[in-house]
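Examination of the molecular architecture
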Amino acid sequence: MDKEKNTFEKALVEAVDEGLLMLGESGREVIYFRLKHSYALGKEDIPSHPEIFVECLRKIFGSGARVIEKAVIKSLYRRLGLKFAEKEGFDFFEYLREAKKQASKDF
Amino acid sequence: MYFFSNAFPPVISGAAVVVSGLSLEKYWRRAKGSFSKVWLFFTVGLFLWFMGEAVWAGYTLVLGVEVPYPSVADVFWLAGYFPYFIALYLYVKVFGGALTKKMLAASLASTLVLTIVVTSVLLVPILGAEEDLAALAADFAYPLFDLALFSVAHLGVIIFWTGKLAKSWFFLNASVAVDVCADILFSYTTANNTYYCGHMLELLYHFGSYLLY
């Protein structure tokens, strides 16, 4: 169970890293800096508090944050070997829950 | 007003090129992604506008030309719109997924309406004036190029509306809106031969520059 959790969390941290790269390295660093200083959230803590990560993105990018969220989710699915299919009405957290559920089946 | 209006713009636009160039250097060195290209095109656009301002200042302050329009300065100014447009387009494209089809349709419709309004406002006075072809083309080009910028820039406000980035996009749009008004007035007054260097409408250009830079 712990191994399963660790694998998922590691994949999510890497997915966030890759997803944020769409902003360029400097842009990614700005987000991490903001998370650290405004929300006291380190990069490694994102899997435990994804809602803070999303709130930070939405406060900066408004609805543009959705694009970054989707890039993170796509990267996560790929890292977990899952097939990503867009679902109407699904937000970042629902995709995340779905990925966790599907991944736990495969472990 | 005459000296300020001619000497001040090259200074402030030159400072903007330097600041933009520093951002470009920062992005370019670290990763050659979409935003490096955005800064590249933005810097090139600002540089061309700076050249336009510098050439205009050269004509008016050094050569003593009363109204250097159309001139080489206009070639730089008009050329600057292209990289600036590309920079805005590339930025908005990265976040394009946040726009719905309805939003895009509404935005296209509003840009078309504005284009029709601006063209019809200018059509009679400009075509009625006895200007050469270059002046005629420039009279229409400036406001229409402004609207082309607006067509992309307002999408930035829509995308980032509830975010902190909206503020920057708001200023950018405000600068484009002020430039549209200034360019309409400029085209109108040059067509009617009522424009002179140091005209009050130049305050609009300065205000637009403040908002942008």
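We now turn to the structure provided with this report. (Residues numbered from 1 in each chain as written. Chains lettered and ligands numbered in written order. Predicted model: local features only at pLDDT ≥ 70, side-chain atom pairs only at ≥ 80, totals over all residues.)

1. Section: the overall build of chain B
- Along chain B, the regular secondary structure elements total 7 helices and 0 strands.
- When its helices and strands are written in sequence order, chain B yields α-α-α-α-α-α-α.
- What you see for chain B is a C-alpha radius of gyration of 18 Å, in line with the 17 Å of a compact globule of 213 residues.
- Summarising its shape, the C-alpha atoms of chain B cover approximately 45 × 40 × 25 Å along the three principal directions.
- Scored against the burial criterion, the 213 residues of chain B give a buried share of 37%.
- Here the contacts in chain B between residues at least 6 apart in sequence split such that 74% fall between residues at least 24 apart. (Helix = DSSP H or I, 4+ residues; strand = E, 2+ residues; numbered from the N terminus. Rg over C-alpha atoms; globule rule 2.2 N^0.38 Å. Buried ≥ 20, exposed ≤ 12 C-beta atoms within 10 Å, placed from the backbone. Contact = placed C-beta atoms within 7 Å.)

2. Details of the interface of chain A and chain B
- Taken together, the contacts link 16 residues of chain A with 19 residues of chain B.
- At the level of secondary structure, the elements contributing two or more residues to the side of chain A that touches chain B comprise α2 (24–39), α3 (50–61) and α4 (65–79) of chain A.
- Classifying every residue of the side of chain A that touches chain B by side-chain character gives 5 nonpolar, 6 polar and 5 charged. (Nonpolar A, V, L, I, M, F, W, Y, C, P; charged D, E, K, R; others polar.)

3. Considerations on the environment of S13 of chain B
Residues and elements named next belong to chain B.
- As for its placement among the helices and strands, S13 is situated in helix α1 (residues 2–30).
- Looking at S13, the number of C-beta atoms within 10 Å reads 22, which means it is buried.
- Residues S13 and F47, 34 residues apart in the sequence, show an inter-C-alpha distance of 7.9 Å.
- If near-sequence neighbours (up to four positions away) are discounted, S13 is found in contact with L46, W49, F50, E53 and S209.

4. Regarding the nonpolar core
- Judged by nonpolar contacts, the single largest core of 74 residues is most densely connected at L76 of chain A together with L88, L149 and A153 of chain B.
- With 15 residues, the single largest contributor to this core is helix α2 (residues 34–62) of chain B.
- Apart from residues no more than four positions distant in its own chain, L76 of chain A is found in contact with A11, L12, A15 and A99 of chain A. (Core = buried A, V, L, I, M, F, W, Y, C linked by C-beta atoms within 7 Å.)

5. Concerning unusual backbone geometry
- Note the cis peptide between Y69 of chain B and P70 of chain B, where omega equals -10°.
- Here P70 of chain B shows up in the loop between α2 and α3 (72–94).
- Its identity as a non-glycine residue notwithstanding, A40 of chain A has a phi of 55°, on the positive side.
- Examined against the element boundaries, A40 of chain A turns out to sit in the loop between α2 and α3.
- One non-glycine residue, N193 of chain B, lies in the positive phi region at around 60°.

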